[in-house]
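Summary of structural features
Read off the chains here:
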Protein chains: 2
Amino acid sequence: MAAARIKAAMKLVTAALVIIGNEILSGRTHDKNLPHIAVELNKIGIQLREVRVVPDIEAEIVDAVNAVRARYDYVFTTGGIGPTHDDITTASIAKAFGVPVVRSAEAEASLRAYIPAERVNAARLKMADVPQGATLVPNAVSAAPGFCMGNVYVMAGIPNIMQSMLAATIPYLKGGDSVGSLSVTTDLPEGTIADGLTAIQDKYPTVDIGSYPQFVNGKPQTTLVCRSMDTNMNKATMDEIYGMITALEGVILG
Amino acid sequence: MAAARIKAAMKLVTAALVIIGNEILSGRTHDKNLPHIAVELNKIGIQLREVRVVPDIEAEIVDAVNAVRARYDYVFTTGGIGPTHDDITTASIAKAFGVPVVRSAEAEASLRAYIPAERVNAARLKMADVPQGATLVPNAVSAAPGFCMGNVYVMAGIPNIMQSMLAATIPYLKGGDSVGSLSVTTDLPEGTIADGLTAIQDKYPTVDIGSYPQFVNGKPQTTLVCRSMDTNMNKATMDEIYGMITALEGVILG
């Protein structure tokens, strides 16, 4: 009897990111969190499928969070959980879930342990407020926690704090299969390889082939990226791409 | 009779940006277009109010574009207008508007003038396709145009090409009032100024006060940004913030 290799169905687990903050929309602050979150999530088999950037307006945050939490396995938010008047993420998430904001005794204890006693004030203690029913996400950098409410993970916007919160969260997330990535860069311009690439894409529908043109010293280059949960298919696809580049007398640049 | 200064109502003109591309969602490519678009639009009195990042999936692009074009005065998209199989923005925008994709004779002529004759092929000429009824947006860098369909402006994802297309588009957009911005950075942490800041925000509701904490060499700093269409109100608000910082014995760092 021929050996049968039974391949378990690939499991897709998805996420959305809601970036909260007028400073991103004004162009003043350049978001650095999206790529970090995308890469870290993929390591544990969670695919970032949508990102929304919304202003510091409660109704906008509520609508965005409610739209994506119904659609994706996980939602992450960044920004708006500090002590100032423009930090309205906690109240907005509570509203999205239809629950009140409550003071977390655990978060308050963490804050009081971190903040010098003479600096404890109402604004700083506001950072101990969470939607009723939320679970805390620890903040190893500056004590003020994030939180998890349903499938929504609320994190700070400052990159090193966000990274610390995401690292603390990762062990609790249930990922599926990771998407593996292979890439090659050639001196062939996109227009030269487009037809061959379409044929390869049609042959390997489970592999997502991306073509990314750039100009280096005025000369075109194209980076081709194969992404798939199936390592073997990904490798087979990239082999065909190498073959195509060679047939077109292209140079492999990296 | 006392002189009366009658202030015309501020005119708010809004925009959304749809960033199209798996490479942004995978974290492989870091978007650089959002801040540029936000800043350039504000110069002519258009406020970026929402950004969505969506994958190279037609239904996702259609849904995102249709959601935001109904809601904002202008929509800009970046990415997905090249010659390869994964460039599906043109077809998706046509679908969003319920029109067919047609070959633009003008765009084809531009491409044929730019591309060496021996390199002209079907894939490259695909870049002359636009939704029926679209107006071309010139590409001063590499000939393949963007286009405008209704209130949706479709641009390339490569930053220098996108910038060229946006510059060509700007003269045709009708802006409202620009939002002016004033900022100050202090060594006071957010938690110390939060209460005073709330009082100032309550006093000047037409000014959007943002508070952005950071750590420099391990020490907290806070940058306070006042944004408003009303220059006088913005100035008055910032004056009060300076007064608050001084009263709290904070140092002005910049």
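So, about the interface of chain A and chain B. Counting residues at the interface gives 54 residues for chain A, matched by 54 residues for chain B. Surface buried jointly by chain A and chain B totals about 4500 Å² across both partners, of which 55% is contributed by carbon and sulfur atoms. Viewed at the interface, chain B and chain A are joined by two salt bridges. Its salt-bridge partner being Arg71(A), residue Glu60(B) comes within 2.5 Å of it at the nearest N-O pair. Counting across the chain A and chain B interface gives 18 residue pairs in polar contact (both at pLDDT 80 or more).

Ranked by size, the top nonpolar core spans 93 residues in total, and within it Leu41(A), Phe76(A) and Phe76(B) carry the most contacts. Apart from the residues lying within four places of it in its own chain, the contact partners of Phe76(A) are Ala15(A), Ala16(A), Leu17(A), Val18(A), Leu41(A), Tyr153(A), Met155(A), Leu166(A), Thr169(A) and Leu173(A).

With that settled, consider the relation of the copies chain A and chain B. Of the transformation placing chain A onto chain B, the axial shift is 0.0 Å and the rotation is 180°, giving an RMSD of 0.0 Å. In the structure described here, the two chain copies are related by an operation that fits a two-fold rotation axis. In terms of C-alpha distance to the rotation axis, chain A has Arg52(A) as its closest residue, with the C-alpha 2.2 Å off the axis. Take the interface residues of chain A: 100% of them recur as interface residues in chain B, which is what a same-surface contact looks like.

Residues and elements named next belong to chain B. Of the two faces of strand 7 (residues 146-149), the one carrying Gly146 and Cys148 and the one carrying Phe147 and Met149 are both buried. Where strand 6 (residues 135-137) lies against strand 7, three bridges are found, and the strand directions are antiparallel. From the neighbouring strand, Val137 faces strand 7, where its bridge partner is Gly146. The sheet contact formed by strand 7 and strand 8 (residues 152-155) spans three bridges and is antiparallel. In the strand pairing of strand 8, Met149 is matched with Val152.

Now for empty space enclosed by the protein. Throughout the structure, instances matching the rule amount to one cavity of 30 Å³ or more. Asn22(A), Glu23(A), Ser26(A), Arg28(A), Asp208(B), Ile209(B), Gly210(B), Tyr212(B), Val225(B) and Arg227(B) are the residues that line the largest cavity. Mapped onto the lining of the largest cavity, the elements with two or more residues apiece are helix 1 (22-25) of chain A together with strand 10 (208-216) and strand 11 (219-228) of chain B. Looking at the lining of the largest cavity element by element, the count peaks at four residues for strand 10 of chain B. Taken together, the residues that form the lining of the largest cavity break down as three nonpolar, three polar and four charged.

Okay, the sheet that holds strand 1 (residues 14-20) of chain B next. If you walk across this open sheet you meet the 12 strands as 6(A)-7(A)-8(A)-3(A)-1(A)-2(A)-2(B)-1(B)-3(B)-8(B)-7(B)-6(B), and the pairing is mixed. With one partner strand each, in any of the chains shown, strand 6 (135-137) of chain A together with strand 6 of chain B form the two edges of the open sheet. The average angle at which neighbouring strand axes cross in this sheet is 20°, direction not considered. Most of the contacts of helix 7 (residues 159-169) of chain B go to strand 8 of chain B, to which it runs at about 150°, and overall it touches strand 3 (74-78), strand 6, strand 7 and strand 8 of chain B.

The next subject is the environment of Leu173(A). Residues and elements named next belong to chain A. Within the element layout of this structure, Leu173 appears in the loop between helix 7 (159-169) and strand 9 (180-186). Its relative accessible area of 9% is what places Leu173 among the buried residues. Contact partners of Leu173, with chain neighbours within four places excluded, come to Leu41, Ile44, Ile46, Tyr74, Phe76 and Tyr153.

Before going further, it helps to examine the confidence of the model for chain A. Residues and elements named next belong to chain A. Of the residues in chain A, 96% reach a pLDDT of 70 or more, and the chain-wide mean stands at 94. Confidence drops under a pLDDT of 50 for residues 1-8, and excluding neighbours within four residues, the segment shows two contacts in the predicted structure. Here the complex is predicted with pTM 0.94, and the ipTM for its interfaces comes to 0.94.

Moving on, we get to the sheet that holds strand 11 (residues 219-228) of chain A. Residues and elements named next belong to chain A. A sheet is described by the order of its strands in space; here three strands give the open sequence 9-11-10, paired in antiparallel fashion. Both outer strands of the open sheet, strand 9 and strand 10 (208-216), are each paired with one neighbouring strand and no more. Pairs of neighbouring strands in the sheet enclose a mean axial angle of 20°, with direction left out of account. Pairing between strand 10 and strand 11: nine bridges, direction antiparallel. Within the sheet, the bridge partner assigned to Tyr212 lies in strand 11 and is Thr223. Its contacts with the sheet place helix 8 (residues 190-203) against strand 10 and strand 11, and it is angled at close to 170° to strand 10.

The subject of this paragraph is the environment of Phe215(A). All names here are of chain A. For Phe215, the position within the fold is in strand 10. The partly exposed category is assigned to Phe215, whose relative accessible area is 38%. For the pair Phe215 and Asp187, spaced 28 residues apart in sequence, the C-alpha separation works out to 9.7 Å.

Criteria and cut-off values
Sequence positions are assigned chain by chain, starting from 1 and proceeding in written order. Naming scheme: in the order in which they are written, chains are lettered from A and ligands are numbered from 1. Two thresholds apply to this predicted model, a pLDDT of at least 70 for residue-level local features and 80 or more for giving and counting side-chain atom pairs, whereas whole-chain, interface and lining totals are computed over all residues. To get the side-chain values, take all heavy atoms of the structure and skip hydrogens and water. Two residues qualify as a contact provided that any one of their heavy atoms is within 4.5 Å of a heavy atom in the partner residue. The quantity reported as buried area is the accessible area (1.4 Å probe) lost by two parts once they are put together, taken as the sum for both. Salt bridges are defined by distance alone: a side-chain nitrogen of Lys or Arg within 4 Å of a carboxyl oxygen of Asp or Glu. By the criterion applied in these results, polar contacts are pairs of N or O atoms within 3.5 Å in which, for protein atoms, one can donate a hydrogen and the other can accept it, and in which residues neighboring in sequence qualify only through two side-chain atoms. Only buried residues count toward a nonpolar core. Its members are Ala, Val, Leu, Ile, Met, Phe, Trp, Tyr and Cys residues joined through side-chain atoms within 4.5 Å. The rule is simple: take the accessible area with a 1.4 Å probe, protein chains only, and divide by the maximum for that residue type; under 20% is buried, over 50% is exposed, in between is partly exposed. The copies are overlaid by a least-squares fit using only the C-alpha atoms of residues whose pLDDT is at least 70 in both copies. For the purposes of this entry, the term helix denotes a DSSP run of H or I that reaches at least four residues, the term strand denotes a run of E that reaches at least two, and both are numbered from the N terminus. Should DSSP find at least two bridges between two strands, the strands are regarded as paired. With a 1 Å grid laid over protein atoms only, a set of points is called a cavity when a 1.4 Å probe fits there but cannot get out and a pocket when it is open yet has protein on both sides within 12 Å along at least five of seven lines; lining residues have an atom within 4 Å of a point. Grid points are joined across faces, edges and corners, and a volume is the space filled by probe spheres set on the points. Put simply, Ala, Val, Leu, Ile, Met, Phe, Trp, Tyr, Cys and Pro go in the nonpolar bin, Asp, Glu, Lys and Arg in the charged bin, and everything else, Gly too, in the polar bin. Interaxial angles span 0 to 180 degrees and are taken between N-to-C directions of axes, which are lines fitted to C-alpha atoms, for helices over the stretch in contact. The predictor attaches a confidence to each residue, called pLDDT, with possible values from 0 through 100.

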